[in-house]
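Fold and geometry: a report
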Amino acid sequence: MKACARSVASVLGVIAISSVCFLGYAQGSRAPKKIAFTEDGYPYIRGEYLVKVRSSAALERLLDNQQESLGSVSRKAPVLDAGETGQWYKVQISDDYKLREAILSARESADVVYAEPNYVYYSQVSREKNLPTPPSRGGKGGPDYNAAPALPVPPVADPDIAKMYGLSKIGAQQAWQVTGGSAKVLVADIDTGIDYNHEDIINNLWRNPAEVAGDGIDNDGNGYIDDVVGWDFRDKDARPFDDNSHGTHTAGTIAATGGNGIGISGVAQQASIMSLRFLGGSEGSGSLEDAVKAIEYATNNGAQIMSNSWGGGGYSQTMFDAISRANDKGILFIAAAGNSGSDNDKKAQYPANYKLPNVLTIAATDSADKLASFSCFGVTTVHMAAPGVKILSTVPGSKYSSLSGTSMATPHVTGAAVLLKSVYPNMKARELKAALMESVEALPSLSGKVSTGGRLNISKALAVAKMQHGEPSSGN
Ligand code: CA
Ligand code: CA
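Parameters at a glance
- All residue numbers here refer to positions counted from 1 along the written sequence of the relevant chain.
- To label them, take the chains in the order written and letter them from A, then take the ligands in the order written and number them from 1.
- pLDDT decides what is reported in this predicted model: residues at 70 or higher carry local features, side-chain atom pairs at 80 or more are listed and counted, and totals for whole chains, interfaces and linings draw on all residues regardless.
- Side-chain figures throughout are based on the complete set of non-hydrogen atoms in the structure, without hydrogens or water.
- Strands here mean DSSP runs of E at least two residues long; helices mean DSSP runs of H or I at least four residues long; both are numbered from the N terminus.
- Relative accessibility thresholds used throughout: buried, under 20% of the residue-type maximum; exposed, over 50%; partly exposed, between the two (1.4 Å probe, protein chains only).
- Any two residues having at least one pair of non-hydrogen atoms within 4.5 Å are treated as being in contact.
- All accessible areas in this document rest on Shrake-Rupley with a 1.4 Å probe, and a residue is counted as covered only by the protein chains that are shown.
- Residues belong to a common nonpolar core when they are buried Ala, Val, Leu, Ile, Met, Phe, Trp, Tyr or Cys residues joined through side-chain atoms within 4.5 Å.
- Listed donors are limited to N, O and S atoms within 2.8 Å of the metal, widened to 3.2 Å for Na, K and Ca; water is not among them, so incomplete-looking sites are possible.
- All axes here are fitted lines through C-alpha atoms, helices being fitted over the stretch that makes contact, and every angle between N-to-C directions spans 0 to 180 degrees.
- Should an angle fall under 35 degrees it is taken as roughly parallel, and over 145 as roughly antiparallel, whereas 65 to 115 is taken as roughly perpendicular and any remaining angle as oblique.
- Take the far helix as the reference: if the near one is turned anticlockwise from it by less than a right angle, the crossing is left-handed, and if turned clockwise, right-handed.
- Residue polarity follows a fixed list, in which Ala, Val, Leu, Ile, Met, Phe, Trp, Tyr, Cys and Pro are nonpolar, Asp, Glu, Lys and Arg are charged, and the others, Gly among them, are polar.
- Definition used for salt bridges: Asp or Glu carboxyl oxygen within 4 Å of a side-chain nitrogen of Lys or Arg.
- We call Phe, Tyr and Trp rings a pair once their centres come within 6.5 Å, taking the six-membered ring for Trp, and we label the pair stacked below 30 degrees between planes, edge-to-face above 60, and tilted otherwise.
- Cation placement over rings: the criterion is NZ of Lys or CZ of Arg within 6 Å of the ring centroid and within 35° of the ring normal.
- The pLDDT score gives, residue by residue, the confidence of the prediction method on a 0 to 100 scale.
- Two kinds of site are reported from a 1 Å grid over the protein atoms alone, namely cavities, where a 1.4 Å probe fits but cannot get out, and pockets, open sets with protein on both sides within 12 Å along at least five of seven lines, and residues are called lining when an atom falls within 4 Å of a point.
- Grid points are joined across faces, edges and corners, and a volume is the space filled by probe spheres set on the points.

**Some remarks on the overall build of the chain**
Looking only at helices and strands, the chain has eleven helices and 20 strands in total. Residue burial in the chain is summarised as follows: out of 476 residues, 61% are buried. Sequence separation of at least 24 residues holds for 75% of the intrachain contacts in the chain that already meet a minimum separation of 6. Only carbon and sulfur atoms are counted for the fraction: they give 52% of the accessible area of the chain, which is about 17600 Å².

**Some remarks on the nonpolar core**
In terms of nonpolar packing, the biggest core is built from 67 residues, with Leu360, Met384, Val413, Leu420, Leu436 and Ile458 touching the most fellow members. Among the elements that line this core, the one with the most residues is helix H9 (residues 406–423), at nine residues. Residues contacting isoleucine 458, with those up to four places away along its chain left out, are Ile170, Gly171, Ala172, Ala175, Ala416, Leu419 and Leu420. Of all hydrophobic cores here, the second largest spans 61 residues; its members include Trp231, Tyr315, Met319 and Tyr354.

**Observations concerning the environment of methionine 306**
Structurally, the position occupied by methionine 306 is in strand E12 (residues 305–308). Here the alpha-carbon distance between methionine 306 and alanine 417, two residues 111 residues apart in the chain, equals 10.0 Å.

**Some thoughts on the coordination of the calcium ion (ligand 1)**
Distances from the calcium ion (ligand 1) to its protein donors, Glu211 (OE), Asp218 (OD), Asp220 (OD), Asn222 (OD1), Tyr224 (O) and Asp227 (OD), fall within 2.2 to 2.4 Å. Mapped onto the polypeptide sequence, the residues donating to the calcium ion (ligand 1) form the spacing pattern E-x6-D-x1-D-x1-N-x1-Y-x2-D. On the basis of relative accessibility, which here comes to 21%, the residue aspartate 218 falls in the partly exposed class.

**Here we look at the coordination of the calcium ion (ligand 2)**
Bound to the calcium ion (ligand 2) are the protein donor atoms Asp158 (OD), Asp200 (OD), Asp200 (OD), Thr257 (O), Asn260 (OD1), Ile262 (O) and Ile264 (O), situated 2.2 to 2.7 Å from the metal. Positions of the donor residues of the calcium ion (ligand 2), expressed as sequence spacing, correspond to D-x41-D-x56-T-x2-N-x1-I-x1-I. With respect to burial, threonine 257 and asparagine 260 carry one shared label: buried.

**Describing the packing of helix H10 (residues 429–438) against helix H11 (residues 458–469)**
At their nearest, the axes of H10 and H11 sit 8 Å apart, and the two run at 125 degrees to each other. Regarding the angle of H10 to H11, the classification is oblique. Crossing geometry of H10 relative to H11 is assigned as right-handed. Across the interface between the two elements, Glu431, Ala435, Leu436 and Glu438 of H10 pack against Ala461, Val464, Gln468 and His469 of H11. Taken together, the residues of the contact of H10 with H11 break down into four nonpolar, two polar and two charged.

**Details of unusual backbone geometry**
Cis geometry is adopted by the peptide bond preceding proline 154, which originates at valine 153 and carries an omega value of -5 degrees. In this fold, proline 154 is placed in the loop between strand E7 (112–123) and helix H4 (165–169). With an omega of 15 degrees, the peptide bond running from tyrosine 350 to proline 351 counts as cis. Locating proline 351 in the fold gives a position in the loop between strand E14 (332–336) and strand E15 (359–365). Phi is positive for serine 245, close to 95 degrees, though the residue is something other than glycine. Within the fold, serine 245 resides in the loop between strand E9 (230–232) and helix H6 (246–255). One non-glycine residue, lysine 390, lies in positive phi territory at about 50 degrees. Since its relative accessible area comes to 62%, lysine 390 is described here as exposed.

**Structural notes on the pattern of salt bridges**
Scanning all chains against the criterion turns up 14 salt bridges. Measuring nitrogen to oxygen at the nearest pair gives 2.8 Å for the salt bridge that ties aspartate 232 to arginine 277. One end of the pair, aspartate 232, is in strand E9; the other, arginine 277, is in strand E10 (residues 270–277), and 45 residues separate them in sequence. Residue aspartate 232 is classed as buried on the basis of its relative accessible area, which comes to 0%. On the basis of relative accessible area, arginine 277 is assigned to the buried category, the value being 2%. The partner of aspartate 243 in a salt bridge is arginine 277, with the nearest N and O atoms 3.0 Å apart. In this pair, aspartate 243 is assigned in the loop between E9 and H6 and arginine 277 in strand E10, connecting sequence segments 34 residues apart. The exposure class of aspartate 243 is partly exposed, given its relative accessible area of 30%. Through salt bridges with shared partners, a single network forms among Glu48, Lys90, Glu289 and Lys293.

**Concerning the packing of aromatic side chains**
A complete count under the given rule lists 14 aromatic pairs for this structure. Ring centres of tyrosine 42 and tyrosine 119 lie 6.3 Å apart, and the angle between their planes is 75 degrees; on these two criteria the pair is classed as edge-to-face. Of this pair, tyrosine 42 sits in the loop between strand E2 (33–37) and strand E3 (43–53) while tyrosine 119 sits in strand E7, placing them 77 residues apart in sequence. Among the aromatic side chains, those forming a connected cluster through ring pairs are Trp206, Tyr224, Trp231, Phe233 and Tyr297. In this structure, lysine 449 packs its charged tip against the face of phenylalanine 377, placed 4.2 Å from the ring centre.

**Section: the confidence of the model for the chain**
When the pLDDT values of the chain are averaged, the result is 88; 87% of them are 70 or greater. Per-residue pLDDT stays below 50 along residues 1–32; that stretch engages in 72 contacts with residues further than four places along the chain or on separate chains.

**A closer look at empty space enclosed by the protein**
According to the stated counting rule, one finds two cavities of 30 Å³ or more in the structure shown. Considering only enclosed or pocket space, the second largest cavity measures out at about 80 Å³ in volume. Surrounding the second largest cavity, 13 residues form its lining, Met164, Gly166, Ile391, Leu392 and His412 being those nearest its centre. When contributions to the lining of the second largest cavity are tallied by element, the ones reaching two or more residues are H4 and strand E17 (391–395). In terms of residue count, H4 provides more of the lining of the second largest cavity than any other element does, three residues in total.

Structure, rendered in structure tokens:
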């Protein structure tokens, strides 16, 4: 905790006094938001900060004081998730030039636990190629399960599977002789949303069992109305449809339906994928506020694994606390190392660099098992690699496309964790992480680049888990 406080201080201490480095607008259906950078290069939303206070009265006192001293505080401060030591809020001020002053003055208050910029995060896909353009937003409700293709019995081979070198590299076919996955494993794809009517994904979507679709009632009382397949935190509705292609692609690598005679197969042939959208627009960007709400939703609604193919913002105590709560529940948090080709030991990337037992950070390799040129690395902060160059997966409109990025490597490991969890439901985050790391295939190209020096091998990971946890229980 002490170390964290220091990190927060070091980042907050260097917010530009005049944040003049204008980047552009985040896309999306909400009003455009200007993005600026802290002096050490982390993007944030102009004029917004997150603050954790010990009580709502403390927030009122803080805002009153800031109104007086800064004269420009807007009380757009919805109550968010309650933590043990208080609650966090978003504060907007009309003048970004006063943001640093606002954060610093907040931190001086005894009522304030911390204050930090509302950072911006991006999908970690290589920008060399334009993403396929998705069709317009999905239907008014959630997924159309009635239109889902029936699963063939016995299973029928997926036609494009031969084009998926990543599956062969990581020993997926051998692993499937032990398990193809299980609908009992709930994995959160925290991303740009999913085409939840995709022919090769719809059968592997989570369905919130306690929510009735389209009745306008929060049936399960979790604070979200009609959340049958997840939630759209960016647009604040129950339709986390993918407007970018990135999230549908990562979902397909985790668990496109295997053995249905259609398209491809995920690393897991079967799983329950929860779609949590906080990124969006052509850049696949999203705010710290929405990212943390997505993580909290996943934690509170039964996710066992979270897949996070995004990064970019600075150290956030709000996010650290949210991932730490997931850790307390044994939930594995898999994160992309980043695509700037740099050393994360020297320049931290978040969430990849959070030092928590449940965070597993992934670099990208290519079909020749070389570290991808764009992939971030870090012999202490990046744990292992997985295939992430020219990865074929699903995109909106029941289509398929190849993309590159640590975004594509990350869901390979997520799918592998699904397979482990299918066979050993009691494995917690630390054990899943250990089994995945201990079983990597050592590669010369990864020596000195990632802490294990190796690339994912799920077949070996299952063997390691078997040694530690005994004979597999039935796969389903
Ligand atoms: Ca609900
Ligand atoms: Ca398929």
